[in-house]
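# Commentary on secondary and tertiary structure
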Amino acid sequence: MKVAIVGVSGAVGQEFLSVLDERNFPLDELVLFGSSRSAGSVYTYGGKQLSVKELKHNDDFKDIHIAFVSAGAKTSVEYAETITKHGTVMIDNSSAFRMEADVPLVVPEVNAEDALVRPRGIIANPNCSTIQMVVALKAIENISHIKRAYVSTYQASSGAGAAAMKELIEQYEQIVKGGEPVVAKFAYQLAYNLIPQIDVFSDNGYTKEEMKMYHETRKIMHSDIEVSATCVRVPVLRAHSEAIWIETEQPVSVEEARRAFTEFEGIVVQDDPAQKEYPMPLFIAGKEPVYVGRIRKDLANPNGLTFWVVSDQIKKGAALNAVQIAEYLYIRRGSTPFPL
């Protein structure tokens with residue numbers, strides 16, 4: 001199988017290299033693509049030196065089976081036809097196609113089979129904060145339908161890319177040395193601060209990030225669930241955290257919820273308050289699962305539960321989820337050639 005990464009120089013592109021290697025993904029050849037600025041750069045994969053090719057409107061994707069694309073929505077829209085015209089499956093990490101009716105939006109633990117129906121040859125990778133939330137929600141949905149979910153996110157600088165992570169580190173260094181922190185990637189200084197805005201505001205007062213969590217959750221889960229989100233950027237390097245409150249049709253006990261989380265694929269339960277055990281981004285950065293803790297009944301709602309969810313934004317929230325989609329397609333493929 002021949003695989004491509006488009007946008008390899010970015011934080012998610014680099015994570016694709018790591019995840020493919022860590023999971024021993026069954027590829028025979030890897031091709032790297034980037035902008036004219038990145039073309040010629042060299043990266044190592046599987047002990048081989050690979051040179052980045054410039055992404056162009058040509059036939060470079062003719063023999064490629066799967067393309068992981070993480071180069072921004074504008075590039076995804078411009079090059080989608082070029083990438084898919086010869087049968088390549090494009091797994092896109094941008095927001096470009098997520099809400100298109102003829103493009104599946106997939107989290108393998110939740111709706112893997114949606115990836116099998118892709119009229120345009122495109123599968124969309126959801127928003128990072130949505131991915132970790134729906135993995136946790138699906139475990140409870142299997143017990144009782146979730147009517148409503150309220151979520152407050154605590155999103156790491158990694159959600160804004162490698163340059164944003166670098167800016168956070170540098171801001172702390174600048175402040176410690178008595179200087180003025182340089183602000184470029186965020187609206188305000190992030191060091192020693194919280195910013196209650198991720199993406200631009202919509203007319204209804206919610207940001208685009210918050211509306212993504214509403215719309216994407218309903219599409220992924222094929223549900224009428226109502227989601228209300230407040231998304232906050234916090235001075236953490238990697239791994240997003242979420243405080244989630246849900247209302248189910250039937251009461252779900254803490255014991256039932258804990259068992260459902262424990263038995264669900266992709267979730268690790270870290271929930272022992274007496275021993276101060278609960279998920280924290282510092283210790284979860286670089287790990288694959290979605291971690292759940294602080295599981296308890298909602299004091300304000302007899303059909304309510306609340307819990308705390310942490311997951312690595314660059315890994316499960318981006319590259320890993322996409323690779324898991326490809327793994328699912330590979331397993332389902334059996335002996336039949338691509339396209340599936």
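Report follows, based on the coordinates. (Residues numbered from 1 in each chain as written. Predicted model: local features only at pLDDT ≥ 70, side-chain atom pairs only at ≥ 80, totals over all residues. Heavy atoms only, no water.)

### Observations regarding helix H7 (residues 254–263)
Here is the rule: Only protein chains enter the accessibility calculation, which uses a 1.4 Å probe. A residue is then buried if its area is under 20% of the maximum for its type, exposed if over 50%, and partly exposed in between. Helix and strand definitions follow DSSP, with helices as H or I runs of at least four residues and strands as E runs of at least two, each counted in order from the N terminus. Arc definition: it is the arc formed by the directions from the helix axis to the C-beta atoms. Contacts were defined at the residue level, with two residues in contact if any of their heavy atoms lie within 4.5 Å.
Among all positions in H7, only Val254, Ala257, Ala260 and Phe261 are buried. Projected down its long axis, H7 shows its buried positions confined to an angular sector of 130°, all on one face. Opposite its buried face, H7 presents the exposed residues Glu255 and Glu263, each directed more than 90 degrees away. Contacts made by the buried residues of H7 are with helix H4 (128–141), strand E12 (267–269), strand E13 (290–297) and strand E14 (304–311).

### Concerning the sheet that holds strand E2 (residues 29–34)
Counted only if it meets this: If DSSP finds at least two bridges between two strands, the strands pair. Think of each axis as a best-fit line through the C-alpha atoms, taken over the contacting stretch in the case of a helix, with angles from 0 to 180 degrees between the N-to-C directions.
With parallel pairing, six strands are arranged side by side in an open sheet as E5-E2-E1-E6-E7-E8. The open sheet has two edge strands, strand E5 (53–54) and strand E8 (122–124), and neither has a second partner. Contacts between helix H1 (residues 11–22) and the sheet are confined to strand E1 (2–6), E2 and strand E6 (66–69), with E1 contributing the most and set at about 150° to the helix.

### Focus on the packing of H4 against helix H9 (residues 315–333)
Stated precisely, the cut-off is as follows: With respect to orientation, any angle under 35 degrees is reported as roughly parallel, any angle over 145 as roughly antiparallel, any angle of 65 to 115 as roughly perpendicular, and every other angle as oblique. Three categories are distinguished: nonpolar for Ala, Val, Leu, Ile, Met, Phe, Trp, Tyr, Cys and Pro, charged for Asp, Glu, Lys and Arg, and polar for the others, with Gly belonging to the last.
One can describe the packing of H4 onto H9 by two numbers: an axis separation of 8 Å at closest approach and a directional angle of 85°. Between H4 and H9, the angle is such that the two are roughly perpendicular. Of the residues in H9, those in contact with Cys128, Ile131 and Val135 of H4 are Lys316, Gly317 and Asn321. Looking at the contact of H4 with H9 residue by residue, the classes come out as three nonpolar, two polar and one charged.

### Looking at the pattern of salt bridges
Spelled out, the test is: A carboxyl oxygen of Asp or Glu within 4 Å of a side-chain nitrogen of Lys or Arg is what we treat as a salt bridge.
What the rule picks out here adds up to 20 salt bridges. For glutamate 209, the salt bridge is made with lysine 212, and the minimal N-O distance between the two is 3.9 Å. Taken together, the residues span about one helical turn, with glutamate 209 and lysine 212 both in helix H6 (residues 208–221) at a distance of three residues. When its relative accessible area of 18% is taken as the criterion, lysine 212 is described as buried.

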